[in-house]
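Chain by chain, the residues:
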Amino acid sequence: MSSKPGSADLSVSAGEPRAGGLKPLFATLFAGAKGPLIGLILLCLVLSVSTDTFLTVRNILNVLDQITVLGIMAIGMTLVILIGGIDLSVGSILALGAMVLGYVVNPDYLGLPILAGVAAALLVGGLCGLVSGLLVTVAKLPPFIATLAMMSVARGLANIITDGSQIVGFPDWFTNLSIVRHFGFISVTVGVMIVLGVIFAIFLNYRATGRNLYAIGGSPEVARLSGIPVNRLTNWVYAVCGVLAALAGVVLAARLDSVQPSSGFGYELDTIAAVVIGGASLSGGVGSIGGTAIGVLIIGVLRNGLNLLGVSPFIQQIVIGVVIALAVAADTWRRRAK
């Protein structure tokens, strides 16, 4: 039985680990990302020649700090795109999660402990994602329409919480999570992004449920006939994507020491772009966490380098748009070639 490149082979156990060895492991974790990896290396070489400050340790650490929010959101988006879906609501869920955190924690509102606020934010994010999943699986709405509706609803709720006002001020230990560099180079928030990336990379490649996501993206009907619970996994994927978007809102709150309902505007486009640039296919069944990490780094390095070169933010938008178009075109050419 044939399947899309990168999707699970339904003729064998979807959860079987692939052959051992360093090369097969690299190919598994960075499936479809050879081109983006080469592009990232070339981009770094060009920027290192163009500016003296790009390859400094301080600047590299700044890039890692800057991509943390995008990186966490992109992990969830990878799961959604793998099953052939799309989620336009992640930026709004980020804002809603951040506002729930501020409302629960701030003394002018509920004044509860930070952990209660984080739990509430993640719960709300997960519920928003689950509703999107149910709109897709039960109401049979196209993912684009379902998540577009949730984008509007979540943004409206984020504004309702404080009537459009921002909430400022969190405990010092909370904001230090994104400021203090442990061991001299890594903050807690960056560490969270890395740990999540490792966990989900292992899950996708060495767990049966993870391999089933590739099968769903390859062909939902074939996956269903093979005994895979397509609807349940689809709901689960959207819920996880919502939780990670809300977690990104928590991380952004720690970085900015404030939350506002306009946070995350346009982030869904950057998140989708990072996943696609990293080698994932918008038609589903192809992609990897490693590839997404490379896509996130490409966007982060590109924006950082353009800022160092003094390029206008408006020009930067054009450059990012061209990169996205080239990535999607490359995916189309690759699929046609195969």
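Above this text you will find the structure in question.
Values in this document were obtained by computation on a predicted structure and should not be read as measured data.

A.B. asks: Please set out the overall build of the protein residue by residue, giving values where relevant.
C.D. replies: A tally of regular secondary structure across the protein gives 14 helices and 2 strands. Within the span of the protein, comprising 338 residues, buried residues form 49% of the whole. In the protein, the proportion of contacts linking residues at least 24 apart, taken out of those at least 6 apart, comes to 78%. In the form shown here, the protein has an accessible surface area of approximately 15400 Å², with 69% of it arising from carbon and sulfur atoms.

A.B. asks: Describe the environment of Gly300, naming the residues involved and giving the relevant values.
C.D. replies: Within the fold, Gly300 resides in helix 13 (residues 289-308). Sequence separation between Gly300 and Gly71 is 229 residues; the distance between their C-alpha atoms is 9.7 Å. Discounting chain neighbours no more than four positions away, the residues touching Gly300 are Val63 and Ile67.

A.B. asks: How would you summarise the packing of aromatic side chains if you had to cite specific residues and measurements?
C.D. replies: Throughout the structure, instances matching the rule amount to 5 aromatic pairs. Measuring from ring centre to ring centre gives 6.4 Å for Phe200 and Phe203, while their planes differ by 80 degrees; the resulting arrangement is edge-to-face. Within this pair, Phe200 and its partner Phe203 are both found in helix 8 (residues 188-206), separated by 3 residues, close to a single helical turn. Accessibility expressed as a relative area gives 12% for Phe200, which makes it buried. When its relative accessible area of 16% is taken as the criterion, Phe203 is described as buried.

A.B. asks: Explain a nonpolar patch on the surface to me, using residue names and the numbers behind them.
C.D. replies: Among the surface-exposed residues, Leu123, Leu127, Leu130, Leu134 and Val138 lie close enough to one another that they form a single nonpolar patch of about 450 Å² accessible area. Note that Val138 resides in the loop between helix 5 (114-137) and helix 6 (143-162). The class for Val138 is exposed, based on a relative accessible area of 61%.

A.B. asks: Account for the packing of helix 8 against helix 11 (residues 230-256), naming residues and giving values.
C.D. replies: Where helix 8 contacts helix 11, the two axes come as close as 11 Å, and the packing angle between them is 165 degrees. It follows from the interaxial angle that helix 8 and helix 11 lie roughly antiparallel. Here the hand of the crossing between helix 8 and helix 11 comes out left-handed. Residues Thr189, Val192, Leu196, Phe200 and Phe203 of helix 8 touch helix 11, and the partners they reach there are Trp236, Val240, Leu244, Leu247 and Val251. The residue makeup of the contact of helix 8 with helix 11, split by class, is 9 nonpolar, 1 polar and no charged.

A.B. asks: Describe the nonpolar core, listing the residues and the values that go with them.
C.D. replies: Judged by nonpolar contacts, the single largest core of 91 residues is most densely connected at Leu101, Phe200 and Leu213. Here this core takes 15 residues from helix 11, the largest share from any one element. Sequence-distant contacts of Leu101, that is, excluding residues within four places in its chain, are made with Ile114, Gly117, Val118, Ala121, Phe170, Phe174, Val250 and Ala253.

A.B. asks: Quick one: what's the story with helix 5, residue by residue and with numbers?
C.D. replies: Taking 1.5 Å per residue, 24 residues should reach 34 Å; helix 5 reaches 34 Å between its end C-alpha atoms and fits that length. Residues Ile114, Gly117, Val118, Ala121, Gly125, Gly126, Cys128, Gly129, Ser132, Gly133, Val136 and Thr137 constitute the buried set of helix 5. Buried-residue contacts for helix 5 involve helix 4 (90-105), helix 6, helix 7 (172-175) and helix 11.

A.B. asks: Report on the side chain of Asn205, specifying residues and quantitative values.
C.D. replies: With respect to the helices, strands and loops of the structure, Asn205 is situated in helix 8. You can call Asn205 buried: its relative accessible area is 2%.

A.B. asks: Account for the pattern of salt bridges, with residues named and values stated.
C.D. replies: Counted by the stated rule, this structure contains 3 salt bridges. For Arg181, the salt bridge is made with Asp65, and the minimal N-O distance between the two is 2.7 Å. Placement of the pair is Arg181 in the loop between helix 7 and helix 8 and Asp65 in helix 3 (residues 57-82), with a sequence separation of 116 residues. With a relative accessible area of 28%, Arg181 lands in the partly exposed category.

A.B. asks: Report on the packing of helix 3 against helix 12 (residues 267-277), specifying residues and quantitative values.
C.D. replies: Taken N-terminus to C-terminus, the directions of helix 3 and helix 12 make an angle of 65 degrees; their axes are 8 Å apart at the nearest point. The orientation of helix 3 with respect to helix 12, classified from their angle, is roughly perpendicular. Crossing of helix 3 against helix 12: the hand is right-handed. Together, Val69, Leu70, Met73, Ala74, Met77, Thr78 and Ile81 of helix 3 and Tyr267, Asp270, Thr271, Ile272 and Val275 of helix 12 make up the contact between the two elements. Among the residues making up the contact of helix 3 with helix 12, the classes are represented as 9 nonpolar, 2 polar and 1 charged.

Criteria and thresholds
- Positions within a chain are numbered from 1, following the residues in the order the chain's sequence is written.
- Local features are withheld for residues below a pLDDT of 70 in this predicted model, meaning they are given only at 70 or higher, and side-chain atom pairs are given and counted only at 80 or more; totals for whole chains, interfaces and linings count all residues.
- Side-chain numbers here rest on the full set of heavy atoms in the structure, without hydrogens or water.
- In this description a helix means any DSSP run of H or I spanning at least four residues, a strand means any run of E spanning at least two, and both kinds are numbered starting from the N terminus.
- Type-normalised accessible area, obtained with a 1.4 Å probe on protein chains alone, sets the label of each residue: buried when under 20%, exposed when over 50%, and partly exposed for intermediate values.
- Residue contacts are defined here by distance: any two heavy atoms, one from each residue, within 4.5 Å place the two residues in contact.
- In short, Shrake-Rupley with a 1.4 Å probe defines the accessible areas, and a residue's cover is counted only from the protein chains shown.
- For this analysis, a ring pair means two rings from Phe, Tyr or Trp (six-membered ring only for Trp) whose centres lie within 6.5 Å, classed as stacked if their planes differ by under 30 degrees, edge-to-face if by over 60, and tilted for the remaining angles.
- To count toward a patch, a residue needs a relative accessible area over 30% and no salt bridge; like charges are then connected within 9 Å, while nonpolar side chains (Val, Leu, Ile, Met, Phe, Trp, Tyr) are connected within 5 Å.
- Here a salt bridge means any side-chain nitrogen of Lys or Arg lying within 4 Å of a carboxyl oxygen belonging to Asp or Glu.
- Axis lines are fitted to C-alpha atoms, over the contacting stretch for helices. Their N-to-C directions set the angle, which ranges from 0 to 180 degrees.
- Here the word oblique covers every angle except those under 35 degrees (roughly parallel), over 145 (roughly antiparallel) and from 65 to 115 (roughly perpendicular).
- If you view the pair so one helix is near and one far, a crossing is left-handed when the near helix is turned anticlockwise from the far one by less than a right angle, and right-handed when it is turned clockwise.
- Residues are sorted three ways: Asp, Glu, Lys and Arg are charged, Ala, Val, Leu, Ile, Met, Phe, Trp, Tyr, Cys and Pro are nonpolar, and all the rest, Gly among them, are polar.
- Definition of nonpolar core: a set of buried residues of the types Ala, Val, Leu, Ile, Met, Phe, Trp, Tyr and Cys, connected through side-chain atoms within 4.5 Å.
- Expected helix span is given by 1.5 Å per residue-to-residue step, counting one fewer step than there are residues.

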